[in-house]
Amino acid sequence: MKISSLTISQIQAGLAAKEYSAVELAQQALDFAAAENPKTNAYLRFSPERALAAARAVDEKLARGEAAGSLAGVPIAVKDVIVTQGIHTTCASKLLEEYIPPYDATAITRLEREGAVILGKANCDEFAMGSSNENSAFGPVRNPVALDRVPGGSSGGSAAVVAQGTAVVSLGSDTGGSIRQPASFCGIVGVTPTYGRVSRYGLVAFASSLDHIGPFARNVEDSATVLKAMAGHDDCDATSAAAPVPDYHALLDGNVKGMRVGLPKEYFAGLDSESGTLILQAAEQLKKLGCEIVDISLPTTEQAIACYYVICTAEASSNLARYDGVRYTKRSPNSGTLSDMYCNTRGEGFGRECKRRIMLGTYVLSHGYYESYYLQAQKVRALIARDFTRAFTEVDAIVGPVSPFPAFKLGEKTADPLQMYLSDIYTITGSLAGIPCLSVPCGNTSEGLPVGLQILTKHFDETTMFRLAHAYERSRA
Ligand code: GLN
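Summary of the structure given here. (Residues numbered from 1 in each chain as written. Predicted model: local features only at pLDDT ≥ 70, side-chain atom pairs only at ≥ 80, totals over all residues. Heavy atoms only, no water.)

## Re helix α5 (residues 156-164)
Stated formally: Exposed residues in this analysis have more than 50% of their type's maximum accessible area, buried residues have under 20%, and partly exposed residues fall in between, with area computed by a 1.4 Å probe over protein chains only. Only DSSP runs of H or I with at least four residues qualify as helices, and only runs of E with at least two residues qualify as strands; both kinds are numbered from the N terminus onward.
Where burial is concerned, most of α5 is hidden: eight out of the nine residues are buried. Taken together, the buried positions of α5 are occupied by Gly156, Gly157, Ser158, Ala159, Ala160, Val161, Val162 and Gln164. Two residues or fewer after α5 comes Gly165, characterised by a positive phi angle close to 90 degrees.

Here you go:
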């Protein structure tokens with residue numbers, strides 16, 4: 001068994017043929033991940049006891065001849081903003097360095113019910129704020145494809161472990177691009193489902209109206225299997241949708257003939273030329289598969305960054321107010337009065353980017369500014385969503401780039417937060433509209449850096465998104 005390139009179906013076959021047991025697989029995966037991790041810093045923590053217990057349960061079921069689940073024995077990593085009972089969940093923040101959650105996120109419970117084996121927690125930007133994973137309090141993650149470059153963010157660790165082969169699949173979170181952009185930078189598949197498709201119960205909130213949990217995988221099939229396993233209504237999350245969850249994997253038939261695919265002209269402004277060439281080649285390839293390529297326009301794209309950074313900071317300032325030194329967090333030892341305790345705990349605990357967003361968010365929500373910033377941004381958000389609704393009356397799917405450029409060098413953009421924010425231009429629109437979107441690899445630049453093709457579809461139409469991505473992926477193999 002070559003642990004670094006295994007897929008879910010290979011694991012199922014390997015277990016069925018008794019080539020290895022789930023415990024053997026888990027142990028090998030843990031050993032391999034521990035040995036490789038110093039190169040990337042992608043894992044913050046391993047959870048061997050929980051992994052081996054889950055693997056033993058799979059072996060026992062198989063020995064009794066029972067079905068062990070669609071993810072039986074599959075080694076998985078979890079972004080450290082998703083809570084895991086009894087396992088530290090730090091959000092890559094000094095503030096939560098010692099936090100051990102008393103419960104599991106719904107996504108975790110569902111994956112384990114299907115036999116998944118959680119190897120450990122993946123590094124990320126602090127509270128998922130960032131595009132490069134350089135905002136982690138526990139050091140940046142290096143891109144396994146080019147170690148002097150960032151893996152993208154904020155789910156950089158989750159993307160890196162799958163690209164490096166130290167997990168078969170992983171979970172990330174996406175608020176404005178944090179799954180698709182790292183997937184694109186690391187050359188793997190990353191999926192942001194429809195808002196409400198996967199329960200957010202147990203996902204530490206950044207911007208609640210935009211937060212999603214989604215999978216990373218080495219191919220489209222595996223990402224579809226993981227999404228299916230965790231999607232669906234959850235009583236613990238009032239925003240989780242009741243819509244039925246199709247068996248995405250079973251619907252991957254490779255046939256996309258006659259599908260109408262839109263190419264938005266606004267997604268080519270400011271795009272690096274090599275990435276642009278690869279995206280156009282991908283569109284050509286889709287044409288060969290029988291798709292009809294249609295030029296479309298999403299005119300409000302230009303307003304998306306400003307809109308997003310008002311809404312996400314406003315929601316973040318409110319969500320992060322709970323870290324006050326009374327609950328969850330490490331309390332500052334320099335606590336005189338109550339107010340000193342709040343200020344010092346937050347001042348010492350939060351990193352620079354979190355502080356920047358708390359201040360911005362507090363400002364846009366404050367009396368006298370609320371109407372001109374926050375309310376205005378909500379209106380722009382509605383227009384962005386309307387652009388997509390209109391476009392989907394003409395096309396079944398939209399394709400375009402994920403990021404204006406491929407993985408950049410560590411340190412290259414840290415001095416200029418605005419430059420970093422601008423890198424989210426093509427991913428933020430889909431997030432604001434709450435529609436499903438993914439990144440699938442579409443080639444490498446002359447320097448060997450991966451580029452992702454973004455595919456976006458209508459609310460709850462993950463099936464079309466997966467079918468198109470799968471047919472495209474197969475045609476390149
Ligand atoms: N890069 C974006 C930000 O910093 C997106 C982050 C995310 O999706 N969690 O807000």
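## Some remarks on the sheet that holds strand β4 (residues 169-174)
Applicable threshold: Any two strands with at least two DSSP-identified bridges between them are counted as paired. The angle between two axes is taken between their N-to-C directions and runs from 0 to 180 degrees, where each axis is a line fitted to C-alpha atoms and a helix contributes only its stretch in contact. The contact criterion used throughout is that any non-hydrogen atoms of two residues lie within 4.5 Å.
Taken in spatial order, the 11 strands of this open sheet run β1-β3-β2-β4-β6-β5-β10-β11-β9-β7-β8, and their pairing is mixed. Each edge of the sheet is formed by a strand with only one pairing partner; in this case those strands are β1 (43-46) and β8 (292-296). Looking at each pair of strands side by side, their axes are set apart by 30 degrees on average, direction ignored. Bridge count for strand β10 (residues 437-444) against strand β11 (residues 450-456) is six bridges, and the pairing is antiparallel. In the sheet register, Val440 faces β11, and the bridge partner there is Leu453. Helix α3 (residues 48-63) contacts β1 and β3 (117-122) of the sheet and is inclined by roughly 155 degrees relative to β3. Packing of helix α12 (residues 370-394) onto the sheet brings it into contact with β7 (260-264), β8, β9 (397-401) and β11, and relative to β9 it is tilted by some 115 degrees.

## As for the packing of helix α9 (residues 304-319) against helix α11 (residues 352-365)
Rules: An angle below 35 degrees is read as roughly parallel, one above 145 as roughly antiparallel, one from 65 to 115 as roughly perpendicular, and any other as oblique. Side-chain classes follow a simple rule in which Ala, Val, Leu, Ile, Met, Phe, Trp, Tyr, Cys and Pro form the nonpolar group, Asp, Glu, Lys and Arg form the charged group, and the remainder, Gly included, forms the polar group.
Between α9 and α11, whose axes approach to 7 Å, the crossing angle comes to 100 degrees. As judged from the angle between their axes, α9 and α11 are roughly perpendicular. Contacts between α9 and α11 involve Tyr309, Val310, Cys312, Thr313, Ala314 and Ser317 on the former and, on the latter, Arg357, Ile358, Leu360, Gly361, Thr362, Val364 and Leu365. Here the residues of the contact of α9 with α11 sort into eight nonpolar, four polar and one charged.

## Quick look at the pattern of salt bridges
Counted only if it meets this: Every case where a carboxyl oxygen of Asp or Glu lies within 4 Å of a side-chain nitrogen of Lys or Arg is listed as a salt bridge.
Applying the stated criterion across every chain, the model contains 16 salt bridges. Between Glu112 and Arg50 there is a salt bridge, and its shortest N-O distance comes to 2.8 Å. A residue pair is termed long-range when its members are at least 10 positions apart, and Glu112 in helix α4 (residues 106-113) and Arg50 in helix α3 qualify at 62 residues. Among the ionic pairs, Glu462 bridges to Arg197, the shortest N-O distance being 3.2 Å. Remark: Arg197 occurs in the loop between β5 (189-192) and β6 (212-217) and Glu462 occurs in helix α15 (residues 462-476); sequence separation between them is 265 residues. Of the two residues examined, Glu462 and Arg197, each falls in the buried class. Salt bridges sharing partners connect three or more residues here, namely Arg50, Asp104 and Glu112.

## Remarks on the site of the ligand
Keep this limit in mind: Near, as used in this document, describes a residue that has one of its heavy atoms within 4 Å of the molecule or strand being considered. Here a polar contact is recorded for every N or O atom pair within 3.5 Å, except that within protein the pair must consist of a potential hydrogen donor and a potential acceptor, and residues adjacent in sequence are included only if both atoms are side-chain atoms. In short, Shrake-Rupley with a 1.4 Å probe defines the accessible areas, and a residue's cover is counted only from the protein chains shown.
As a matter of local geometry, the ligand sits amid 15 residues, with Thr175, Gly176, Ser178, Tyr308 and Arg357 nearest to it. One nitrogen or oxygen atom from the main chain of Gly130 is found 2.9 Å from an oxygen atom belonging to the ligand. Here Gly177 contributes a backbone N or O atom positioned 3.3 Å from an oxygen atom of the ligand. For the ligand, the protein covers 99% of the area, taking 300 Å² as the surface of the free molecule. Each residue belonging to the shell around the ligand can be placed in one class, and the counts come to five nonpolar, seven polar and three charged.

Fair warning: the whole summary comes from geometry, so function is off the table for now.
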